[in-house]
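Given next are the chains, with one letter for each unit.
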Amino acid sequence: MSRKKELCRFSISMEPELSERLDKMIADKGMSSRSQAVAKMVQASFVEHESQIGNHEIAGTVTLVYDHHKRNIQSKLTTIQHDYGNLVISAMHIHLNHNNCMEVLAVRGEADIIRKFADRLISVKGIIHGCLTVTATETDSQNQ
Ligand code: NI
């Protein structure tokens, strides 16, 4: 999809402090313009919004950190993953230190179901940190 797209031009007003911070971030990240930065933010916010609703397909990762000495925690996590067997494309287990393990699950499926799956895992007792990161699979607008 490399067709040249027409751009829509509009102006944005914001507090000077916010605008200065934006310019600093643009410089830090080596972005080419405010337009590019704002377009990226809008895109990211669509992805986040779409990740939370609907039955369209998304892909992402669920990251879980837990103390493996906590009673039954691994079997609880495994049971949930089997309940949603076809969502998990790949799983990685890292022994972070003596106590803690990190699990990273790559997932793909309907947004609503992935959200539910991640919520169930993250709310297991003993999870120290858990988060769901998503990316859309159906958008091509990031490649401009
Ligand atoms: Ni481990």
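Peer 1: What exactly am I supposed to notice about the coordination of the nickel ion here?
Peer 2: Each angle at a metal carrying four tetrahedral donors should ideally be 109.5 degrees, and each at a metal carrying six octahedral donors should ideally be 90 or 180 degrees. Coordination sphere of the nickel ion, protein contribution only: His93 (NE2), His95 (ND1) and Cys101 (SG), at 2.0 to 2.4 Å. Counting gaps between the donor residues of the nickel ion yields the pattern H-x1-H-x5-C. Owing to a relative accessible area of 62%, histidine 95 belongs among the exposed residues under this scheme.

Peer 1: How do you make sense of the environment of lysine 70 when you look at a structure like this?
Peer 2: With respect to the helices and strands, the residue lysine 70 is situated in the loop between β1 (57-67) and α3 (73-83). Classification of lysine 70 by relative accessible area gives partly exposed; the value is 44%. When the C-alpha atoms of lysine 70 and threonine 133 are compared, they prove to be 25 Å apart, with 63 residues separating the residues in sequence.

Peer 1: When you look at the pairing of strand β2 (residues 88-95) in this model, what are you seeing that I'm missing?
Peer 2: Residues in a regular strand point their side chains to alternate faces of the sheet. In this sheet, strand β3 (residues 100-110) lies alongside β2 in antiparallel orientation, the contact comprising seven bridges. Considered in β3, the bridge of alanine 91 is made with leucine 105. Counted between consecutive antiparallel strands, the loop separating β2 from β3 contains four residues.

Peer 1: Which parts of the structure should I look at to understand the sheet that holds strand β4 (residues 127-136)?
Peer 2: Within a sheet, neighbouring strands are paired by backbone hydrogen bonds and run either parallel or antiparallel to one another. Spatial strand order, β2-β3-β1-β4: four strands in an open sheet with antiparallel pairing. Looking at which strands have only one partner, the edges of the open sheet turn out to be β2 and β4. Within the sheet, the average angular offset between the axes of one strand and its neighbour, ignoring direction, is 15°. Pairing geometry for β1 and β4, over nine bridges, is antiparallel. Its bridge partner being in β4, alanine 59 is matched across the sheet by threonine 135. Along the sheet, helix α2 (residues 34-52) contacts β1 and β4; its crossing angle with β4, the most-contacted strand, is approximately 110°. Contacting β1, β2, β3 and β4, helix α4 (residues 111-122) crosses the sheet at an angle of about 160° to β3.

Peer 1: It is not clear to me how the side chain of asparagine 100 should be interpreted in this structure. Could you clarify?
Peer 2: With respect to the helices and strands, asparagine 100 occurs in strand β3. If we ignore the near neighbours within four places in the chain, the residues touching asparagine 100 are Val65, Tyr66, Asp67, Ile94, His95 and Ile128.

Peer 1: What exactly am I supposed to notice about the confidence of the model for the protein here?
Peer 2: Keep in mind that low pLDDT regions are not for reading the predicted coordinates in detail. Averaged over every residue, the pLDDT of the protein is 89; residues scoring 70 or more account for 93%. Throughout residues 140-144 the model reports pLDDT below 50, and contacts reaching past four residues in sequence, or to other chains, amount to seven contacts.

Peer 1: I tried to follow the pattern of salt bridges on my own but got confused; where do I start?
Peer 2: Side chains bearing opposite charge may pair, as long as their charged atoms lie close to each other. Applying the stated criterion to the full structure yields three salt bridges. When the shortest N-O distance is used, the salt bridge between arginine 34 and aspartate 23 registers 2.8 Å. One end of the pair, arginine 34, is in helix α2; the other, aspartate 23, is in helix α1 (residues 16-29), and eleven residues separate them in sequence. Residue classification places aspartate 23 among the partly exposed positions, given a relative accessible area of 31%. Among the ionic pairs, arginine 120 bridges to aspartate 83, the shortest N-O distance being 3.3 Å. Remark: aspartate 83 occurs in helix α3 and arginine 120 occurs in helix α4; sequence separation between them is 37 residues.

Procedures and definitions
Residues numbered from 1 in each chain as written. Predicted model: local features only at pLDDT ≥ 70, side-chain atom pairs only at ≥ 80, totals over all residues. Heavy atoms only, no water. Donors = N, O, S within 2.8 Å, 3.2 Å for Na, K, Ca; no water. Buried < 20%, exposed > 50% of the residue type's maximum accessible area, 1.4 Å probe, protein only. Helix = DSSP H or I, 4+ residues; strand = E, 2+ residues; numbered from the N terminus. Pairing = 2+ DSSP bridges. Axes fitted to C-alpha atoms, helices over the stretch in contact; angles between N-to-C directions. Contact = heavy atoms within 4.5 Å. pLDDT = per-residue confidence, 0-100. Salt bridge = Lys/Arg side-chain N within 4 Å of Asp/Glu carboxyl O.

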